[in-house]
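# Fold and geometry: a report
Below are the chains, spelled out letter by letter.
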Amino acid sequence: MTLGPLLLVEDTPSLQLVYESVLKTAGHAVRSADDAASGLSLFRTLQPQVVLLDLMLPDRDGLDLLRELLSIKPDTRIIVITANGSINKAVEAMRAGAHDFLVKPFDEQRFLGAIGNALADAGPGPAAKPSGSVTAPPGEFTGTSEPMQRVYAKIRSVARSMATVFITGESGTGKELCAQAVHDHSNRAHGPFVPLNCGAIPPELLESEVFGHVKGSFTGAISDKQGAAAAADGGTLFLDEICELDLNLQTKLLRFLQTSTIQPVGATRARKVNVRIICATNRNPLQEVRRGRFREDLYYRLHVVPIHMPPLRERGGDVVAIAEAALTRFAEEEGRKFSSIDPEVAALFQRLDWPGNVRQLLNVLRHAVVLNDGPTVTRAMLPIELHHELEHRKEEMPGAPRPNVTLEGLVGRTLAEVERLVIEETIVRHGGSIPKAARVLDVSPSTLYRKIEAWKASD
């Protein structure tokens, strides 16, 4: 239910009449303007909660008008309308504070759905916080460093819009925690949050995992399967390692984003779903576009609001706060009596590079808790790999001699054993990141995941 009329700023008379008709039929009151000047005048008079704004206006750039409207009334939900060839402008508008965007041509359901979402979210925004104040972390994050404060602010800002969020950052920095926090702070929090790791699924099965399949559509399809997109209906679909998607599937994902419809493998009919997309990668997505491995149009469709997760080495004292919180949790889970971290260990944690980021830190704490019984984590309790890393850093200092690399350790082993040793060592050297190791070894991450699962089964 609206708190006043919607404001429509559209300079094409025929479209203005169509939009007004659809809105009034759906029970919305609406006032219209055909240029930026009259739109601004009506906005000052009406103070509407929701504005529909065409970005192509005869007397002024729509982006400039959007920024002025938000400067007057920051909690306004602005839905921008743009032509199919101007998706970049829509992306820029989202970054400037738009709530959602519509790309012509769009259908009535998409139109009214965008307005419904905006109205559900309309109302006063959160009170401004004093400059320099520290906000509590959203979701399951720990830490109050300045880089993370910027992440928290962006999560809260974007959560209640319908904008697609594109999360980047090294492996282990908490990209899925970020996606979960965006979902939990959105008006979709009551709906499902469905994560899908695009790098952990063989390419030939990925389409079925995303869109589902019907019984008998291919060998092994013994029953109907609901895909992740259908499972996320009414909620959020999180596509992790999005840059690992096969180019053919990227085309189908783009069609899904444009139409909000899915067609399971082997199905004869498509169906509508209402899903918000959040995606993540530890690669540079624009670089992947330039290399021809990621579609440019899909990149611009997804890369609307970017959030970059800082590596642990840039988060200052957060490393100690995360370690202390993890120690308390692990001690309770394992039935140990740990209660503190030795100051020497805390200082050491802040000096390390942490190539595996938070995931590596958690593994170190888990190792210490499982193999010892407190009450204080000391340097002697840390895994040997951490001591090796310290030695490696000393060796990498200017003027220090570099160790000789030989094949001595591989002589006499089978080819399968050599392959496993090389893969495991590469993964370790890249902080536990399988995608990074896969790039070095020039194989698909899914290949490494399958080999690791096979080794676990045979051990």
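Residues numbered from 1 in each chain as written. Predicted model: local features only at pLDDT ≥ 70, side-chain atom pairs only at ≥ 80, totals over all residues. Heavy atoms only, no water.

### Looking at empty space enclosed by the protein
Summed over all chains, the structure comprises one cavity of 30 Å³ or more. Taken as a whole, the largest cavity holds about 30 Å³ of empty space. (1 Å grid on protein atoms, 1.4 Å probe; cavity = no way out; pocket = protein on both sides within 12 Å on 5 of 7 lines; lining within 4 Å. Points joined across faces, edges and corners; volume = space filled by probe spheres on them.)

### Digging into the sheet that holds strand 1 (residues 6-9)
Across the sheet, which stays open at both edges, the five strands sit in the order 2-1-3-4-5 with parallel pairing between neighbours. In this open sheet, the two edge strands, each paired with only one partner strand, are strand 2 (30-33) and strand 5 (100-103). In this sheet, adjacent strand axes meet at a mean angle of 20° when their direction is disregarded. The sheet contact formed by strand 1 and strand 3 (residues 50-54) spans three bridges and is parallel. Looking at strand 3, one finds that Leu7 is bridged to Val51. Against the sheet, helix 2 (residues 36-46) engages strand 1, strand 2 and strand 3, with an angle of about 150° to strand 2. Sheet strands touched by helix 4 (residues 87-96): strand 4 (77-82) and strand 5. Its angle to strand 5, the strand with the most contacts, is close to 170°. (Pairing = 2+ DSSP bridges. Helix = DSSP H or I, 4+ residues; strand = E, 2+ residues; numbered from the N terminus. Axes fitted to C-alpha atoms, helices over the stretch in contact; angles between N-to-C directions. Contact = heavy atoms within 4.5 Å.)

### Here we look at the confidence of the model for the chain
Do not read the predicted coordinates in detail wherever pLDDT is low. When pLDDT is averaged across the chain, the result is 84; 89% of the residues are at 70 or more. Looking across the chain, the model is least confident in helix 16 (residues 384-395), with a mean pLDDT of 66, and most confident in strand 8 (residues 236-240), with 96. Segment residues 123-131: pLDDT under 50, and six contacts once partners within four positions in sequence are set aside and those in other chains are kept. (pLDDT = per-residue confidence, 0-100.)

### A short note on helix 13 (residues 318-334)
When the terminal C-alpha atoms of helix 13 are compared, their 24 Å separation across 17 residues agrees well with the 24 Å that a helix rising 1.5 Å per residue should span. Here helix 13 has its buried residues at Asp318, Val319, Val320, Ile322, Ala323, Ala326, Leu327, Phe330 and Ala331. Where the residues of helix 13 are buried, they touch helix 6 (146-159), strand 13 (340-341), helix 14 (343-351), helix 15 (357-371) and strand 14 (376-377). Looking one or two residues past helix 13, Gly335 carries a phi angle of roughly 70°, positive in sign. (Expected span 1.5 Å × (residues − 1). Buried < 20%, exposed > 50% of the residue type's maximum accessible area, 1.4 Å probe, protein only.)

### Thoughts on the environment of Arg429
Structurally, the position occupied by Arg429 is in helix 17 (residues 415-429). Here Arg429 falls in the exposed class, since its relative accessible area comes to 62%. Sequence-wise, Arg429 and Gly356 are 73 residues apart; in three dimensions their C-alpha atoms are separated by 9.4 Å.

### Quick look at the sheet that holds strand 8
Strand order across the open sheet formed by five strands is 7-8-11-6-12, with parallel pairing between neighbours. Each edge of the sheet is formed by a strand with only one pairing partner; in this case those strands are strand 7 (193-197) and strand 12 (305-308). For this sheet the average axis-to-axis angle between neighbouring strands, irrespective of direction, equals 20°. For strand 8 and strand 11 (residues 276-281), the ladder comprises four bridges, and the chain directions are parallel. Paired with Leu239 across the two strands is Cys279, which belongs to strand 11. Packed on one face of the sheet, helix 6 meets strand 6 (165-168), strand 11 and strand 12 and runs near 155° to strand 12.

### With respect to the pairing of strand 6
Where burial is concerned, the two faces of strand 6 agree: the one with Val165 and Ile167 and the one with Phe166 and Thr168 are both buried. Strand direction decides the pairing type here: strand 6 and strand 11, joined by four bridges, are parallel. When the bridges of strand 11 are listed, Val165 appears paired with Ile278. Relative to strand 12, strand 6 runs parallel, the two being bridged by four bridges.

### A few points about the packing of aromatic side chains
Per the stated rule, a full pass over the model turns up six aromatic pairs. Ring centres of Phe211 and Phe256 lie 6.0 Å apart, and the angle between their planes is 80°; this geometry places the pair in the edge-to-face category. Within this pair, whereas Phe211 is found in helix 8 (residues 203-211), its partner Phe256 is found in helix 10 (residues 247-259), the two being separated by 45 residues in sequence. What makes Phe256 buried here is its relative accessible area of 5%. Between Arg366 and the ring centre of Phe330, over which it is positioned, the NZ or CZ distance is 4.0 Å. (Phe/Tyr/Trp six-rings, centres within 6.5 Å; stacked < 30°, edge-to-face > 60°. Lys NZ or Arg CZ within 6 Å of the ring centre and 35° of its normal.)

### Notes on the state of the cysteines
A complete count under the given rule lists zero disulfides for this structure. Here Cys198 stays unpaired: no disulfide links it, and the sulfur of Cys279, its closest cysteine neighbor, is 8.9 Å away. (Disulfide = S-S within 2.5 Å.)

### Some details on the packing of helix 17 against helix 19 (residues 445-458)
Running from N to C, helix 17 and helix 19 point in directions that differ by 115°, and their axes come no closer than 12 Å. Classified by chirality, the crossing of helix 19 by helix 17 is left-handed. Listed contacts from helix 19 to Glu419, Arg420, Ile423, Glu424 and Ile427 of helix 17 are Leu448, Lys451, Ile452 and Trp455. Here the residues of the contact of helix 17 with helix 19 sort into five nonpolar, no polar and four charged. (Left-handed = near helix turned anticlockwise from the far one by under 90°. Nonpolar A, V, L, I, M, F, W, Y, C, P; charged D, E, K, R; others polar.)

### Topic: the pattern of salt bridges
A full pass over the atoms with the stated rule returns 23 salt bridges. Notably, a salt bridge pairs Arg150 with Glu146, separated by 3.2 Å at the nearest N-O pair. Here Glu146 and Arg150 lie together in helix 6, a separation of four residues that amounts to about one turn. Of the charged contacts in the structure, one is a salt bridge between Glu288 and Arg283, with a shortest N-O distance of 3.0 Å. The pair formed by Glu288 and Arg283 is uniform in burial state, with each residue classed as buried. Through salt bridges with shared partners, one network takes in Glu244, Arg283, Glu288, Arg291 and Arg293. (Salt bridge = Lys/Arg side-chain N within 4 Å of Asp/Glu carboxyl O.)

### Describing the environment of Thr251
One can find Thr251 in helix 10. Between the C-alpha atoms of Thr251 and Leu298, which are 47 residues apart in sequence, the distance is 7.9 Å.

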